[in-house]
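Below are the chains, spelled out letter by letter.
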Amino acid sequence: MQAAVFEVSSTAPRIEVTPQQEVQFRRKRLIHFVALCWCHFIEGSNDGSTGTLLPAIQRAYHIGFSIVALLFVSNCIGFITGAILNVYMNEKLGFGKIIVMGAISQLIGYIIIAPSPPFPVMVVGFGFIGFGFSFQNAQANGFVASLKDSMTTKLGIMHAAYGLGAFLSPFLATYFSTQPHWSFHYIVLASIATSNVVVMILVFRFRKQEDILAEGGQYAIESNNNVTPDSNLYRQILGFRSVHFLTLFSLIYTGVEVTLGGWIVTFIIEKRGGGHSAGYISSGFFGGITLGRICLMWLNKLVGERIIFFYVVLAMILEITIWFVPSIIGNAVAISFIGMLLGPMFPTLISHMTHILPKRLLTGSVGFVTGIGFSGSAILPFITGILASKYGIGSLQPLMVSMMSVMVVLWAFAKGVRRVD
């Protein structure tokens, strides 16, 4: 039986792989990828339920917009702390240990919140969740971005798993939001998060990324002559101008996504007269994200990174219709289409990074960009809460339109950076 040929890189020697070995490699790669999709699904379940539960949290603690927004601040602090530590710890501990630490931190956060503790304690719980997600996001995105086999497609599918979790969770969260024990929703999330810890341990077994890639048949990671291993990693990563623009774009994008998914329910209830079922509109938004990441992959590959400009401009137009058209049905349809347009942007951003950054710094760079970027999921919702407490929830739409305008400018700079060879 003829052996298959596996090429490690353009300069590395070619390694012969038997058909039986290739089958084993494919099975291992599939297991690794499904585990990371499960990790992202749980994160989506978290983000999709927060906005639906916000009115219940406000009622339970008798607090206004500005105080409840402290949950996002704590989440933001956790994200940023994790993003900064990830660069250093990635070199010291490696993929397997860091992603398990992130999963455990997330679980601790849910355990803190589930019994409906005093509000300051709940704020601390959100900090643990943000810290855990930061580690898991950085490692998962860095891992998939390092794959040589269908990397772009797998990024889209993994982030679609996030969208699927965010689509499904508001259905359950809407039920709990009408119950006296609304925090019991976090018992469900804690149960799922426990399975995540178990999966991360069993699949990755605390190993480093290169060992896990080798288990799937990818024996070497390309190196780059411009990178000196003993120099400061933070200095190397921040030395690329593209990293700064991509980080800012990631921050604004993530902030827009989570802010819309979180505050749109409150907007529909207060400005459009929606009832408790308004929570399902959040599902429509995240369902759009899921469909966008799957159904628009062909268009992304056909047009390339420039498609981001089209997506953002069209999303802005739809956002303006929500701003000025007082229709619950019309707004619900528009927010779903906005989700579809926003969906492909983040996978495209990660894919773009693989084309312009050296392979050795890819995991650290992706972790930094996504970790700091995901703090936008706390910063913009917090700003929305502050503005809503002063000007009303109607301030949500002009804020989103202005942030989308900034995204266009940032992507123009990020897209124009030359490839690093």
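Quick notes on the rules
- Residue positions are given per chain, counting from 1 as you read along its sequence in written order.
- Where totals are concerned, whole chains, interfaces and linings use all residues; where local detail is concerned, this predicted model gives features only for residues with pLDDT of at least 70, and gives and counts side-chain atom pairs only at 80 or more.
- With hydrogens and water stripped out, all remaining heavy atoms of the structure feed into the side-chain values.
- UniProt positions are given in the numbering used here, feature names are shortened, and annotations may be inferred rather than shown by experiment.
- By the criteria applied, helices consist of DSSP H or I runs no shorter than four residues and strands consist of E runs no shorter than two, each listed in order from the N terminus.
- Computation of the radius of gyration draws on C-alpha atoms, with the globule rule given as 2.2 Å multiplied by the number of residues to the power 0.38.
- Buried residues are those whose accessible area, probed at 1.4 Å on protein chains only, stays under 20% of the maximum for their type, while exposed residues exceed 50% and partly exposed ones sit between those limits.
- By the counting scheme adopted, Arg and Lys are positive, Glu and Asp are negative, and His together with the chain ends is not counted.
- In plain terms, the charge of a residue is placed at NZ if it is Lys, CZ if Arg, CG if Asp and CD if Glu.
- The score called pLDDT rates the predictor's confidence residue by residue, from a low of 0 to a high of 100.
- Contacts between residues were defined by any pair of non-hydrogen atoms, one from each residue, lying within 4.5 Å.
- Here is the rule: rings of Phe, Tyr and Trp (six-membered ring for Trp) pair when centre to centre is within 6.5 Å. Planes less than 30 degrees apart are stacked, more than 60 are edge-to-face, and the remainder are tilted.
- Criterion for a charge above a ring: Lys NZ or Arg CZ within 6 Å of the ring centre, and within 35 degrees of the ring normal.
- Axis definition: a line fit to C-alpha positions, over the contact stretch in the case of helices; interaxial angles, taken between N-to-C directions, run 0 to 180 degrees.
- Note on angle classes: values under 35 degrees are labelled roughly parallel, values over 145 roughly antiparallel, values of 65 to 115 roughly perpendicular, and the remainder oblique.
- Should the near helix be turned counterclockwise from the far one by less than a right angle, the crossing is left-handed, whereas a clockwise turn marks it as right-handed.
- Under this definition, polar contacts are N or O atom pairs within 3.5 Å; protein pairs additionally need one hydrogen-donor-capable and one acceptor-capable atom, and for neighbouring residues in sequence, both atoms have to be side-chain atoms.
- Multiplying 1.5 Å by the residue count of a helix minus one yields the expected span of that helix.
- A carboxyl oxygen of Asp or Glu within 4 Å of a side-chain nitrogen of Lys or Arg is what we treat as a salt bridge.
- Each patch is assembled from residues with relative accessible area greater than 30% and no salt bridge, linking like charges that lie within 9 Å and nonpolar side chains (Val, Leu, Ile, Met, Phe, Trp, Tyr) that lie within 5 Å.
- All accessible-area figures derive from a Shrake-Rupley calculation using a 1.4 Å probe, and residue coverage is judged against the displayed protein chains alone.

- The name that an unreviewed UniProt entry assigns to the chain is MFS general substrate transporter, with the source organism given as Crucibulum laeve.
- Quoted verbatim from the Sequence similarities (unreviewed entry) heading of the UniProt record, the comment on the chain is "Belongs to the major facilitator superfamily."
- Listed under Subcellular location (unreviewed entry) in UniProt, the entry text for the chain is "Endomembrane system".

## Looking at the overall build of the chain
- When you go through the chain residue by residue, the secondary structure sums to 18 helices and two strands.
- The C-alpha atoms of the chain give 21 Å as radius of gyration, which agrees with the globular expectation for 421 residues (22 Å, within 12%).
- Taken over 421 residues, the chain has a buried fraction of 59%.
- A distance of 3 Å separates the average location of the 26 positive side-chain charges in the chain from that of its 17 negative side-chain charges.

## A short note on the confidence of the model for the chain
- In this model, the chain carries a mean pLDDT of 84, and residues with pLDDT of at least 70 account for 91%.
- Scored below 50 in pLDDT, residues 1-13 shows 26 contacts in the model against residues more than four places distant or in partner chains.
- Scored below 50 in pLDDT, residues 221-230 makes 18 contacts in the model with residues more than four places away or belonging to other chains.

## Notes on the packing of aromatic side chains
- Under the counting rule described, the total for this entry stands at 19 aromatic pairs.
- Arranged with centres 6.5 Å apart and planes meeting at 65 degrees, the rings of F126 and Y186 form a pair that is edge-to-face. Of the two residues, F126 is situated in helix α5 (residues 119-145) and Y186 in helix α7 (residues 185-204); the sequence distance between them amounts to 60 residues.
- F126 gets classed as buried once you look at its relative accessible area, which sits at 3%.
- Through a chain of ring-to-ring contacts, three or more aromatic side chains come together here, namely Y61, F119 and W182.
- Looking at K154, its charged tip hangs above the ring of F33, at a distance of 5.8 Å from the centre.

## Structural notes on the packing of helix α13 (residues 307-324) against helix α14 (residues 328-342)
- In contact at an axis separation of 9 Å, α13 and α14 are set at 165 degrees when each is read in the N-to-C sense. As summarised for this structure, α13 and α14 are arranged roughly antiparallel, according to the angle between their axes. For the element pair α13 and α14, the recorded crossing hand is left-handed. Residues Y311, L314, A315, L318, E319, T321 and I322 of α13 pack against N331, A334, I335, F337, I338 and L341 of α14.

## Focus on the side chain of T259
- Tracing the backbone through its elements, the reader meets T259 in helix α10 (residues 241-271).
- Reaching out from T259, the side chain makes a polar contact with the backbone oxygen of G255 at a distance of 2.5 Å.

## Regarding the environment of I111
- For I111, the location among the structural elements is in helix α4 (residues 95-113).
- Using a relative accessible area of 51% as the deciding quantity, one classes I111 as exposed.
- The sequence separation of I111 and I187 amounts to 76 residues, and the corresponding C-alpha distance is 7.4 Å.

## Details of the environment of R205
- Mapped onto the fold, R205 is located in the loop between α7 and α8 (209-215).
- Separated by 105 residues in sequence, R205 and V100 place their C-alpha atoms 9.0 Å apart.
- When neighbours within four sequence positions are excluded, R205 is seen to be in contact with M200 and E215.

## A short note on helix α3 (residues 70-92)
- Helix length check: α3, at 23 residues, gives a terminal C-alpha distance of 33 Å against a target of 33 Å (1.5 Å per residue), a fit within 8%.
- A positive phi of about 95 degrees marks G94, the residue just after α3.

## Examining the environment of S177
- Tracing the backbone shows S177 in helix α6 (residues 151-177).
- Taking the C-alpha atoms as reference points, S177 and T52, separated by 125 residues in sequence, lie 7.3 Å from one another.
- Those residues in contact with S177, other than ones at most four positions away along the chain, are T52, L53, A56 and R59.
- A polar contact of 2.6 Å, which involves the side chain of S177, links it to the backbone oxygen of T174.

## Considerations on unusual backbone geometry
- One non-glycine residue, H62, adopts positive backbone phi at about 55 degrees.
- The topology assignment puts H62 in the loop between α1 (19-61) and α2 (65-68).

## Side note on the pattern of salt bridges
- Scanning all chains against the criterion turns up six salt bridges.
- With its nearest N and O atoms 3.1 Å apart, the salt bridge here joins R29 to E22. Residue R29 shares its accessibility class with E22, and that shared class is buried.
- Of the charged contacts in the structure, one is a salt bridge between R207 and E215, with a shortest N-O distance of 3.1 Å. Across the pair, exposure class does not vary: R207 and E215 are buried alike.
- Salt bridges here are not isolated pairs; linked through shared partners, they connect K28, R205, R207 and E215.

## Looking at a nonpolar patch on the surface
- Taken together, I104, I108, V124 and F128 make up a surface patch of nonpolar side chains, about 290 Å² in accessible area.
- If you list the elements that add at least two residues to the nonpolar patch, you get α4 and α5.
- Here I108 lies in helix α4.
- On the accessibility criterion, I108 (34% relative accessible area) is partly exposed.

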